[in-house]
Amino acid sequence: MDFSIERLRANVQNMSPAAHGFTYLDLRRAPARTGRLHGWVLSAKDLNDVAGMPTTLGNAKRTYYPTVSDPFIADVEKQGATFIGKSSTPELGLRIDTEPVDLPHPDNPLYPGRTPGGSSGGAAVQVARGLVRAAQASDGGGSIRVPAAACGVVGFKPAGSNLVAEGFITRTVADNAFLHGHRMITPRARIGLLLQPLFAATQVQAHHLRAAREAADRLRATGFEVIAIAPYPQERATFAHFRKIFTSRFAALPQAEDYAAWVAQQGATVSACELNAAQRHVRDLPKLLAQQWQVNAIVTPMLTADPPLRGYFMSLPHDANFAAQTRWSPWASLFNMAQLPAISVPWAIPAHPPVGVHLGGITLSDAQLLGLAHILHP
């Protein structure tokens, strides 16, 4: 496919913001440098600063104009890529949908009228529609992988040293590996198949279970040992700690309204002692998971159901909204807490849009997990 700026200009000419997912677009930009990413035309999530572009943080009232790009963006620009716009996100990236305040809400290309997921929903829409080959995104609880699954594309969250990781939504696993500078490695690995939700009691639709089972079967046929596993005993404690860490990041949020204010209020109740306990749990979590499951990676569905209608989550009371988000993707935030790599790849289902299959690394490196994912989505 042609992913040039000229082609993008022609593609978006008759598209609404709900269709293309951009909150800002500048098709006059040119690459500042040459490098290994020369020719890559990317969008940046509207939480990330790109010099010369407005940042809204998902709320038009929060708009400001940075003169310096975020370090992750600047590094990609130094490698020759060109950022031509900003992709839509909910306010402060707080939710699993993409419905920013006083800005257009992007529509799901696979399920018209339904959410594309979030918080990197605009990025997933742009990649799914073929507007860009890849889009920068970030993931603090599933925000790369959820919209990738909802829109039928690839979303990779690298391992890191924080709850939030920077990454990309792409059309292929190979493109994601290339953007991160990884040579994919096919590991020798024991795989766990986990079909039960982790952090919420909820039903999983049959075709999402089918996709995970079929993905496990493909890995088994390729020569991997695949075993069934169950939720680990400390899962409730992990989620309680996740909630404390996640909300505490917004405890001092100024000028917060509605759902953002509720998150800030939750974070303000977290004591220093509770936060320290949560951080200790984070440090111990990778070893705990490896000991409990005795596997190198796990396969789960990415989502429990097809995307709900736009406006569904925000129609709920705030606490019910938070719970509903967890029920829709109950496996994702484990890998943010454990700071381990995870990826969602689309899986073909007959007479149905593709659904996301989630691979999470327990002892695997980023390059090894990408190699494993490449088997499922060559």
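Residues numbered from 1 in each chain as written. Predicted model: local features only at pLDDT ≥ 70, side-chain atom pairs only at ≥ 80, totals over all residues. Heavy atoms only, no water.

1. Observations regarding the pairing of strand S6 (residues 165-170)
Of all 6 residues that make up S6, 5 are buried, and the element is covered over most of its length. As judged from the 3 bridges shared by strand S5 (residues 154-157) and S6, these two strands associate in the antiparallel manner. Paired with Phe 156 across the strands is Phe 168, a residue of S6. (Buried < 20%, exposed > 50% of the residue type's maximum accessible area, 1.4 Å probe, protein only. Helix = DSSP H or I, 4+ residues; strand = E, 2+ residues; numbered from the N terminus. Pairing = 2+ DSSP bridges.)

2. Description of the packing of helix H8 (residues 235-248) against helix H10 (residues 272-293)
Direction vectors running N to C along H8 and H10 enclose 120 degrees, while the axes themselves pass 9 Å from each other. If you check the angle between H8 and H10, you find them oblique. Crossing geometry of H8 relative to H10 is assigned as left-handed. Contact residues: Ala 237, Thr 238, His 241, Lys 244, Ile 245 and Ser 248 in H8; Glu 274, Leu 275, Ala 277, Ala 278, Gln 279, His 281, Val 282 and Leu 285 in H10. Tallied by class, residues from the contact of H8 with H10 come to 7 nonpolar, 5 polar and 2 charged. (Axes fitted to C-alpha atoms, helices over the stretch in contact; angles between N-to-C directions. Parallel < 35°, antiparallel > 145°, perpendicular 65-115°, else oblique. Left-handed = near helix turned anticlockwise from the far one by under 90°. Contact = heavy atoms within 4.5 Å. Nonpolar A, V, L, I, M, F, W, Y, C, P; charged D, E, K, R; others polar.)

3. A closer look at the domain arrangement of the protein chain
For an interface, size is often stated in terms of accessible area lost upon the parts coming together. You can read the domains of the protein chain as domain 1 (5-180) and domain 2 (190-234 + 271-347 + 361-376). Listed as interface residues are 38 residues of domain 1 and, on the opposing side, 32 residues of domain 2. Each partner contributes to the roughly 2900 Å² buried at the junction of domain 1 and domain 2, and carbon and sulfur atoms together form 63% of this total. Our count for the domain 1 to domain 2 interface comes out at 1 salt bridge. Asp 107 is the salt-bridge partner of Arg 310, the closest N and O atoms lying 3.4 Å from each other. On the surface where domain 1 and domain 2 come into contact, there are 18 residue pairs in polar contact (both at pLDDT 80 or more). Those elements giving two or more residues to the side of domain 1 that touches domain 2 turn out to be helix H5 (145-151), S5 and helix H6 (173-180). Looking at the side of domain 1 that touches domain 2 residue by residue, the classes come out as 17 nonpolar, 13 polar and 8 charged. (Domains from an automatic or database assignment. Buried area = accessible area lost by both parts, 1.4 Å probe. Salt bridge = Lys/Arg side-chain N within 4 Å of Asp/Glu carboxyl O. Polar contact = N/O pair within 3.5 Å; in protein donor to acceptor, adjacent residues only side chain to side chain.)

4. Focus on the pattern of salt bridges
A complete count under the given rule lists 12 salt bridges for this structure. Here Asp 26 ties to Arg 28 by a salt bridge, and the two come within 3.4 Å at their closest N and O atoms. Residue Arg 210 pairs with Glu 214 through a salt bridge whose shortest N-O separation is 2.7 Å. Here the residue Arg 210 and the residue Glu 214 both occupy positions in helix H7 (residues 206-222), the gap between them amounting to 4 residues, near one helical turn. With a relative accessible area of 26%, Glu 214 lands in the partly exposed category.

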